[in-house]
Amino acid sequence: MKQTVTDTMLMPTYVSRFSCIGGDCEDTCCAGWGVTLDKGTFLHYQSCFDPVLRPLFTSYVKRYEHSKADHDYGHIELQKDACKSCGLLSEKKLCRIHERIGEEALSDTCAYYPRTVHHLGDLHQVVLTLSCPEAARLALLAEDAFGFVGEERTFSLDYISQVQPRHGFSLAAMDDIRTLLFQILRSPDITLSNRLKVIGHDCERLTTLIQKQQLGAMPEFLLSLEAELESGAAMNPLVGLAELPEVQAQITAVTFMGFLTARKQSHTPHVRDVLGEVTRGLGLKEGVPMDGPALIRAYELGLSRLAPAMAAVPWLLEHYVLNETLRELFPWGQESPKQHYATVVIRFAMVRLLLAGRAAARETTLTPAELAETVQVACRHYHHDAHFTKFALENLAAAGWDSLERLQTLL
């Protein structure tokens, strides 16, 4: 019997509106990804004698040979079709396990995706990953998606991420810093790119305090951030910084094409279609040297065509960034706050590249639904691959673009 936790959990408003749309989903989570099984679920399937499921479990449910953890005990193998669908998915894209023996028989992975649950101190927080098309639409298209509500929810204890103190900080101090940075991201008075630049300087200062083990200076650090925001001094480092679309295009396109080539075999048809439109819009071809001037022209055309599309949902990119910082407990999700910031910048730049590339491929304006779809594909392509961040950071370091000043030109 799985241990569960029931609590009033804090979540963005859009999370409270979410429910899976099942067979109507255009990019099912039951394809292209491995389906991990916890030990209890694995053993339950092994002892199931349902006449429809039994032969499928025999064919597709396999134990991980070297597993040492109950939550990562086995998996469901994928079919050899073009979609690489889960072996338990029906022709109507519905789960046969859910259909035959009920929702309670699903593994934690299947039951709770796209939800992420963090337990920090006395608080449980729920947020969704935007690799789910329905989650992306709800989070990105509704202006009120990031109000917050508390609702009673029940989750398996194994599924909840228990946040631990890091770098010598208490959980309370970590939450104070996280809350302040989140408030900066929601500031309506400056552009999103400038908000991200302000946060970059804060993360660099915070990382320096950690490296020098000056944790006693943290209360003073927080007070200074609040004072700088109140007085406007936080904007001083941004004076004179110019937008550099030619740099954005070339740096992000190199990473885009390198990772696209390395991971193309794992793409679902839906992902392939969207990424194919992006590459056409930017004039990029696998195995063909990149034409820098042509790429820059295509990117700038895409940005100009993107502007009227974004006017319909001006909060879309802000909501994307808010969601990712919540989902990853920014700035505590990487080795240091500065490294986590670099990850946020890279993903933001890649999302914008995909949006610009798809807009450049169109004579007509992208619809809000197509904008959300593009972000969803970016999240599925990048956020669920553990190798992407490492790949992107190594590329930037090799090109000498990993300093704060150069990172911020990508914004």
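Quick caveat: nothing in here was measured; it's all calculated off a predicted structure.

Definitions and limits used
Residues numbered from 1 in each chain as written. Predicted model: local features only at pLDDT ≥ 70, side-chain atom pairs only at ≥ 80, totals over all residues. Heavy atoms only, no water. Helix = DSSP H or I, 4+ residues; strand = E, 2+ residues; numbered from the N terminus. Rg over C-alpha atoms; globule rule 2.2 N^0.38 Å. Buried < 20%, exposed > 50% of the residue type's maximum accessible area, 1.4 Å probe, protein only. Contact = heavy atoms within 4.5 Å. Areas by Shrake-Rupley, 256 points an atom, 1.4 Å probe, with all protein chains shown as cover. Lys, Arg positive; Asp, Glu negative; His and termini not counted. Charge placed at Lys NZ, Arg CZ, Asp CG, Glu CD. Core = buried A, V, L, I, M, F, W, Y, C linked by side-chain atoms within 4.5 Å. Arc of directions from axis to C-beta. Pairing = 2+ DSSP bridges. pLDDT = per-residue confidence, 0-100. Axes fitted to C-alpha atoms, helices over the stretch in contact; angles between N-to-C directions. Parallel < 35°, antiparallel > 145°, perpendicular 65-115°, else oblique. Left-handed = near helix turned anticlockwise from the far one by under 90°. Nonpolar A, V, L, I, M, F, W, Y, C, P; charged D, E, K, R; others polar. Polar contact = N/O pair within 3.5 Å; in protein donor to acceptor, adjacent residues only side chain to side chain.

## A look at the overall build of the protein
Point 1. Helices and strands together make up the secondary structure of the protein, namely 17 helices and 8 strands.
Point 2. Taking 22 Å as the expected radius of gyration for a compact globule of 411 residues, we find that the protein reaches 22 Å, a close match to that expectation.
Point 3. The buried share among the 411 residues of the protein stands at 51%.
Point 4. By sequence separation, contacts in the protein at least 24 residues apart represent 77% of the contacts at least 6 residues apart.
Point 5. Accessible surface computed for the protein: about 18900 Å², of which carbon and sulfur atoms make up 53%.
Point 6. Taken together, the 39 basic and 50 acidic charged side chains of the protein have centroids lying 7 Å from each other.

## Overview of the nonpolar core
Point 1. Within the largest apolar cluster, 110 residues are counted, with the highest numbers of intra-cluster contacts made by Tyr-14, Leu-130, Phe-256 and Leu-371.
Point 2. If one sorts the elements of this core by residue count, helix H14 (residues 337-360) sits on top with 14 residues.
Point 3. Apart from the residues lying within four places of it in its own chain, the contact partners of Phe-256 are Leu-275, Val-278, Thr-279, Leu-284, Met-350, Leu-353, Leu-354 and Tyr-382.
Point 4. By size, the runner-up hydrophobic cluster in this structure holds 17 residues, among which are Leu-37, Phe-42, Cys-48 and Leu-89.

## Describing helix H3 (residues 53-60)
Point 1. Leu-53, Leu-56 and Phe-57 are the residues of H3 that are buried. Down the axis, H3 shows its buried residues gathered within 100 degrees of arc, on one side only.
Point 2. If you follow the buried residues of H3, they end up packed against helix H2 (39-46), strand S3 (61-63) and helix H4 (96-101).

## Let's talk about the pairing of strand S6 (residues 123-128)
Point 1. A large share of S6 lies buried, amounting to 5 of its 6 residues.
Point 2. The pairing of strand S5 (residues 115-120) with S6 spans 6 bridges and is classified as antiparallel. Bridged to Thr-116 within S6 is Val-127.
Point 3. Connecting the antiparallel pair S5 and S6 is a turn made up of 2 residues, with Gly-121 showing a positive phi of about 65 degrees.

## Some points on the confidence of the model for the protein
Point 1. Overall, the prediction assigns the protein a mean pLDDT of 88, with 97% of residues at 70 or greater.
Point 2. Per-element confidence in the protein is highest for helix H1 (residues 13-16), whose mean pLDDT is 98, and lowest for helix H9 (residues 218-231), whose mean pLDDT is 79.

## Quick word on the environment of Phe-388
Point 1. Structurally, Phe-388 can be placed in helix H16 (residues 386-398).
Point 2. Residue Phe-388 is classed as buried on the basis of its relative accessible area, which comes to 1%.
Point 3. A C-alpha to C-alpha distance of 18 Å links Phe-388 and Thr-268, two positions 120 residues apart in sequence.
Point 4. Excluding anything up to four places from it in sequence, Phe-388 contacts Thr-255, Phe-259, Ile-346, Arg-347, Met-350 and Tyr-382.

## Let's talk about the packing of helix H13 (residues 316-327) against helix H15 (residues 368-383)
The packing of two helices is summarised by the inter-axis angle and the distance between the axes.
Point 1. Between H13 and H15, the least distance of the axes is 11 Å, while the angle of their chain directions is 30 degrees. Considered as vectors, H13 and H15 are oriented roughly parallel to each other. With respect to the hand of their crossing, H13 and H15 are arranged in right-handed fashion. Contact residues: Leu-316, Tyr-320, Glu-324 and Arg-327 in H13; Leu-371, Ala-372, Val-375, Cys-379 and His-383 in H15.
Point 2. Its residues placed into classes, the contact of H13 with H15 shows 6 nonpolar, 1 polar and 2 charged.

## A closer look at the sheet that holds strand S4 (residues 74-76)
Point 1. Spatially, the 3 strands line up as an open sheet ordered S2-S4-S3, and their pairing is antiparallel. In this open sheet, the two edge strands, each paired with only one partner strand, are strand S2 (35-37) and S3. Looking at each pair of strands side by side, their axes are set apart by 30 degrees on average, direction ignored.
Point 2. Where S2 meets S4, 3 bridges bridge the pair, whose relative direction is antiparallel. Across the sheet, the residue bridging to Thr-36 is His-75, located in S4.
Point 3. Running over the sheet, H2 touches S2, S3 and S4 and is turned about 125 degrees from S3.
Point 4. Most of the contacts of H3 go to S3, to which it runs at about 40 degrees, and overall it touches S3 and S4.

## Some points on the pairing of S5
The side chains of a regular strand alternate between both faces of the sheet.
Point 1. The buried count for S5 comes to 5 of 6 residues, which makes it a mostly enclosed element.
Point 2. Relative to strand S8 (residues 161-162), S5 runs parallel, the two sharing 2 bridges. Paired with His-118 across the bridge in S8 is Ser-161.

## What to know about the side chain of Asp-38
Point 1. Secondary-structure assignment places Asp-38 in the loop between S2 and H2.
Point 2. The buried category is assigned to Asp-38, whose relative accessible area is 9%.
Point 3. Within the structure, the side chain of Asp-38 is placed 2.9 Å from the side chain of Thr-41, a separation counted as a polar contact.

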